[in-house]
Amino acid sequence: MALSSLEIWQRIVAEGIASSMQCRSWAAEVSEALPEGAAADGLQILQKLVELQKLTKYQAKALAGQSSDVLRRDGWHILGRVKHPIWQGWYQVTKIDPTKSERPSIQWAKWLSATDIQHLEHSAASLPRGIQLANLRAPHLQVSQIPELIEGNLLLRVDPPQGRTLIDQFYNTSTSSGSGIGSGVSTEMAITIIRQCAQALSALHDRKLPHGRVAPDRIYWDSGPGVTLICDMVAGQTLTTSSAATGTLGTQLSNLQSHAYLPPEFLAPLQSPSLASDVYALGVTWWWLMTGQTPFIGNNLAETLKAAAHQGLDDHRSGLKLSLPLWRCLMHCMAKHPSARFSSAGHLLQALDLAEQRIAEVQIGIPVQPNLVESLPTTKAGKQPATQ
């Protein structure tokens, strides 16, 4: 059934997308851009409004009756779905404000029903976690807003990250044999990314709040602002041995690929994410950035964790092009025992500063003086230290 121009403008006003005055302005722009006689055709008007970036394709289809999608909910305009596997079920939204002529900033939102919330029971879901994250502003950490409970549904909102995930940016993940196919990024870029990730993580760790799933599909990279570390707002346990721990975000990794970021202590049952497991996963991500694959790979969860617990990495040092101070930092991240790792991402940052200072001193010929990097435990990443 054909739609008239009048019906389209009425629907736009009724949905609160634009005021009558704005519609008159839009109609003038559309009439100039359409051929003579086409301004009475509602569908052509919608197409032109999309081209003029007044509407999104999602909005145009809903206004034309070509979809049953909702255009507004709980005071928010819905502009469209976020089309990425990480963000399944999330929408691009703007706040409804008829007093403003310009479009407000875009956020990403997800509504969780009571059933959705029940499904998060395996992911250590916690509303206090969402509140803590919403009150936290730190360099390279995605901004989130306080969760809202509205008529039995939980509304989550975040600022869109800039750039693309590390997997999208650097690697082809078309196979399931590893965590990515690629030759690795430069040492300098890898250090920059890991340092910025550690800055974001340290803000969480200062509050004793584990991230819970440090992996390349949780790290966005843009050449301008650099890293944005995304974080599940309410689910704190999504990198586990359980496939039921899904959280509110999707993944670009298979279960087998995700297991490569689990530390050896997860061989024992009933393990929970910790600051130490975050540090280990960041070390694995560092290795992945430089080589294009994770250090320990098995055919199943048990094999991968056993390899992480027993295999060493010293034989691979020559291929990573890392100086000894940086190699020590990497091995300390991936120590087999949690107590042998950096106690937090903040301590990793301190060690990276000292390591790069040592490299600079050597380059300009300053006599070597022992510092924290040299005093790191010499426990190899392939040996389990004795416990007290």
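That block above? That's the structure.
These lines cover the structure that appears in this document, whether it is placed above or below.

Conventions and cut-offs
- Residues numbered from 1 in each chain as written.
- Predicted model: local features only at pLDDT ≥ 70, side-chain atom pairs only at ≥ 80, totals over all residues.
- Heavy atoms only, no water.
- Pairing = 2+ DSSP bridges.
- Helix = DSSP H or I, 4+ residues; strand = E, 2+ residues; numbered from the N terminus.
- Phe/Tyr/Trp six-rings, centres within 6.5 Å; stacked < 30°, edge-to-face > 60°.
- Buried < 20%, exposed > 50% of the residue type's maximum accessible area, 1.4 Å probe, protein only.
- Core = buried A, V, L, I, M, F, W, Y, C linked by side-chain atoms within 4.5 Å.
- Contact = heavy atoms within 4.5 Å.
- Lys, Arg positive; Asp, Glu negative; His and termini not counted.
- Salt bridge = Lys/Arg side-chain N within 4 Å of Asp/Glu carboxyl O.
- Polar contact = N/O pair within 3.5 Å; in protein donor to acceptor, adjacent residues only side chain to side chain.
- Patch = residues over 30% accessible without salt bridge, like charges linked within 9 Å, V, L, I, M, F, W, Y side chains within 5 Å.
- Areas by Shrake-Rupley, 256 points an atom, 1.4 Å probe, with all protein chains shown as cover.

1. Re the pairing of strand 3 (residues 91-95)
Item 1. By the bridge criterion, five bridges tie strand 2 (residues 76-81) to strand 3 in an arrangement that is antiparallel. For arginine 81, the partnering residue across the bridge sits in strand 3 and is tyrosine 91.

2. Observations regarding the packing of aromatic side chains
Item 1. Counted by the stated rule, this structure contains four aromatic pairs.
Item 2. Here tryptophan 87 and tryptophan 90 contribute two aromatic rings whose centre-to-centre distance is 5.1 Å and whose plane-to-plane angle is 90 degrees, an arrangement assigned as edge-to-face.
Item 3. Tryptophan 87 gets classed as buried once you look at its relative accessible area, which sits at 1%.
Item 4. On the numbers, 6.3 Å between centres and 50 degrees between planes, the contact of tryptophan 287 with tryptophan 327 is tilted. With a gap of 40 residues between them, tryptophan 287 in helix 10 (residues 275-291) and tryptophan 327 in helix 13 (residues 324-333) connect regions that are remote in the sequence.
Item 5. Every member of this aromatic cluster is reached through a ring pair, and the members are Trp87, Trp90 and Trp108.

3. A closer look at the nonpolar core
Item 1. If you look at the biggest cluster of nonpolar residues, it comprises 63 residues, and the most contacted ones within it are Tyr261, Trp286 and Leu330.
Item 2. Every element with two or more residues in this core is listed here: helix 7 (166-170), helix 8 (187-205), strand 8 (219-222), strand 9 (226-229), helix 10, helix 11 (301-310), helix 13 and helix 14 (345-364).
Item 3. Beyond its immediate sequence surroundings of up to four residues, leucine 330 is in contact with Gly283, Trp286, Trp287, Leu320 and Leu322.
Item 4. Trp9, Ile17, Ala64 and Val93 belong to the second-largest nonpolar core, a separate cluster that totals 27 residues.

4. Some details on the side chain of lysine 110
Item 1. Mapped onto the fold, lysine 110 is located in strand 4 (residues 107-112).
Item 2. One buried charged residue, lysine 110, forms no salt bridge at all, with the nearest opposite charge on aspartate 116 at 6.9 Å.
Item 3. Within the local environment of lysine 110, its side chain forms a polar contact with the backbone oxygen of threonine 248, the two atoms lying 3.1 Å apart.
Item 4. Among all residues touching lysine 110, those that are not within four sequence positions of it are Gln88, Gly89, Trp90, Leu154, Leu155, Leu156 and Thr248.

5. Observations concerning the pattern of salt bridges
Item 1. If you walk through the whole model with that rule in mind, you get 10 salt bridges.
Item 2. The shortest N-O distance in the salt bridge between aspartate 74 and arginine 73 comes to 3.9 Å.
Item 3. Taking the shortest distance from any N to any O, the salt bridge between glutamate 265 and arginine 341 comes out at 2.6 Å. With glutamate 265 in the loop between helix 9 (255-259) and helix 10 and arginine 341 in the loop between helix 13 and helix 14, this pair connects stretches of sequence that are 76 residues apart. The pair glutamate 265 / arginine 341 is uniform in exposure class, with both members buried.
Item 4. One salt-bridge network, held together by shared partners, links Arg195, Asp353 and Glu356.

6. A few points about a nonpolar patch on the surface
Item 1. Taken together, the side chains of Leu127, Ile131 and Ile146 present a nonpolar region at the surface, about 240 Å² in accessible area.
Item 2. Structurally, isoleucine 131 is set in helix 6 (residues 127-134).

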